[in-house]
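Results of the structural survey
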Amino acid sequence: MKKYLPVVLAALFAVSMQTECEGAEQNASEAYTKLIAYKTENYLQQSVADFNAALASTPDELTELLAAQADVINAIDPEDENYDFFRTTMQFSTNELYCREVGEALGFYAGIKKMSRPCREPGEDGERTYDFACFVDFQVPYVIVEPELLTVAERDDTLLSFQEEMQTYLDGLGEAEITAGNFRTMLTDKAEELTERLSDEKMELSSCEISLLEINDAGED
């Protein structure tokens with residue numbers, strides 16, 4: 001019997017893993033069905049105040065909402081037609097509700113990157129690698145001054161515009177500019193320009209904080 005024990009344990013482990021995966025898939029499916037109901041025909045025209053209030057009005061409802069959102073985000077395919085709804089609108093709103101509940105300041109977290117000079121040989125995982133790569137993560141604090149007047153579309157567009165314009169700015173820089181000693185200052189100055197331009201009487205963005213700045217340069221051949 002002892003010689004069969006490893007086989008039995010392996011089989012039990014495989015069944016356990018399969019059960020856990022099936023359970024996770026079921027949770028994600030149920031969460032998806034629950035949350036997609038908030039994607040109404042006019043949700044983008046709703047005020048942030050009304051949209052967020054419909055998501056959760058009590059701490060218990062917020063706990064369930066956060067768990068459901070996490071289940072969806074961990075399982076959703078980027079090709080899903082509702083991917084942007086969950087990654088933008090729902091992500092922003094659940095974060096706003098959480099921050100309000102715990103008394104934290106709001107912050108938009110995002111990342112940009114630039115890669116060039118692709119290597120001839122793929123990496124160990126088979127994916128393309130690059131001799132030059134730059135990664136930047138940032139946090140943009142923001143305040144919704146008039147949640148009853150700010151629409152969901154306006155909020156989403158403001159935050160996404162910040163990320164998109166920062167990415168466009170990075171794309172336009174050469175490797176020499178990125179590796180220069182003042183690159184962090186250049187990013188901060190650009191972010192400051194954007195926060196001023198994108199802020200209005202309904203929503204204000206504050207100075208951007210760069211939490212990660214990584215530059216990998218293997219040099220020219």
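Everything discussed here concerns the structure shown above.
Report follows, based on the coordinates. Remember, predicted model here, so these are calculated numbers, not experimental data.

Here we come to the pattern of salt bridges. Throughout the structure, instances matching the rule amount to 6 salt bridges. Among the salt bridges present, the one from Glu154 reaches Lys202, with a minimum N-O distance of 3.0 Å. Note that Glu154 is positioned in helix α5 (residues 152-171) and Lys202 in the loop between α7 (183-198) and β3 (203-205), a separation of 48 residues in sequence. Note on Lys202: relative accessible area 15%, which makes it buried. Of the charged contacts, one joins Arg155 and Asp156 as a salt bridge, the two residues approaching to 3.0 Å between their closest N and O atoms. For the pair formed by Arg155 and Asp156, the shared burial category is buried. Where salt bridges share partners, they join Glu96, Arg155 and Asp156 into one cluster.

Time to look at the environment of Tyr98. Here Tyr98 lies in helix α4 (residues 83-102). With 35 residues separating them along the chain, Tyr98 and Thr63 place their C-alpha atoms 8.9 Å apart.

Among the residues of helix α2 (residues 48-55), those classed as buried are Val48, Phe51, Asn52 and Leu55. Buried positions in α2, seen along its axis, are confined to an arc of 90° and lie on one side of it. Of the surrounding secondary structure, the elements contacted by the buried residues of α2 are α3 (59-75), α4, β2 (130-144) and α5.

Turning our attention to the packing of aromatic side chains. Describing an aromatic ring pair means giving the distance of the ring centres and the angle of the ring planes. For the structure on display, the rule yields 6 aromatic pairs. For the pair Phe85 and Phe86, a centre-to-centre distance of 5.3 Å together with 70° between the ring planes defines the contact as edge-to-face. Take Phe85 and Phe86: they sit in the same class, and that class is buried. Judged by centre distance (5.4 Å) and plane angle (70°), the ring pair of Phe138 and Phe162 falls under edge-to-face. With a gap of 24 residues between them, Phe138 in strand β2 and Phe162 in helix α5 connect regions that are remote in the sequence. One exposure class covers both Phe138 and Phe162, and it is buried. Through a chain of ring-to-ring contacts, the aromatic side chains of Tyr32, Tyr43, Phe51, Phe85 and Phe86 assemble into a single cluster.

The next subject is the nonpolar core. A general trend in soluble globular proteins is that nonpolar side chains are found buried together. If you look at the biggest cluster of nonpolar residues, it comprises 31 residues, and the most contacted ones within it are Phe108, Phe138, Tyr142, Phe162 and Met166. Of all the secondary-structure elements, those providing two or more residues to this core are α4, β1 (107-118), β2, α5, α7 and β3. For this core, the leading source of residues is β2, giving 7 residues. Not counting the four nearest positions on each side in its chain, Phe108 is found in contact with Phe92, Phe138, Gln139, Val140, Tyr142, Leu159 and Gln163. In this structure, Leu65, Val72, Ile73 and Ile76 belong to the second largest nonpolar core, which totals 17 residues.

Procedures and definitions
- Residues numbered from 1 in each chain as written.
- Predicted model: local features only at pLDDT ≥ 70, side-chain atom pairs only at ≥ 80, totals over all residues.
- Heavy atoms only, no water.
- Salt bridge = Lys/Arg side-chain N within 4 Å of Asp/Glu carboxyl O.
- Helix = DSSP H or I, 4+ residues; strand = E, 2+ residues; numbered from the N terminus.
- Buried < 20%, exposed > 50% of the residue type's maximum accessible area, 1.4 Å probe, protein only.
- Arc of directions from axis to C-beta.
- Contact = heavy atoms within 4.5 Å.
- Phe/Tyr/Trp six-rings, centres within 6.5 Å; stacked < 30°, edge-to-face > 60°.
- Core = buried A, V, L, I, M, F, W, Y, C linked by side-chain atoms within 4.5 Å.

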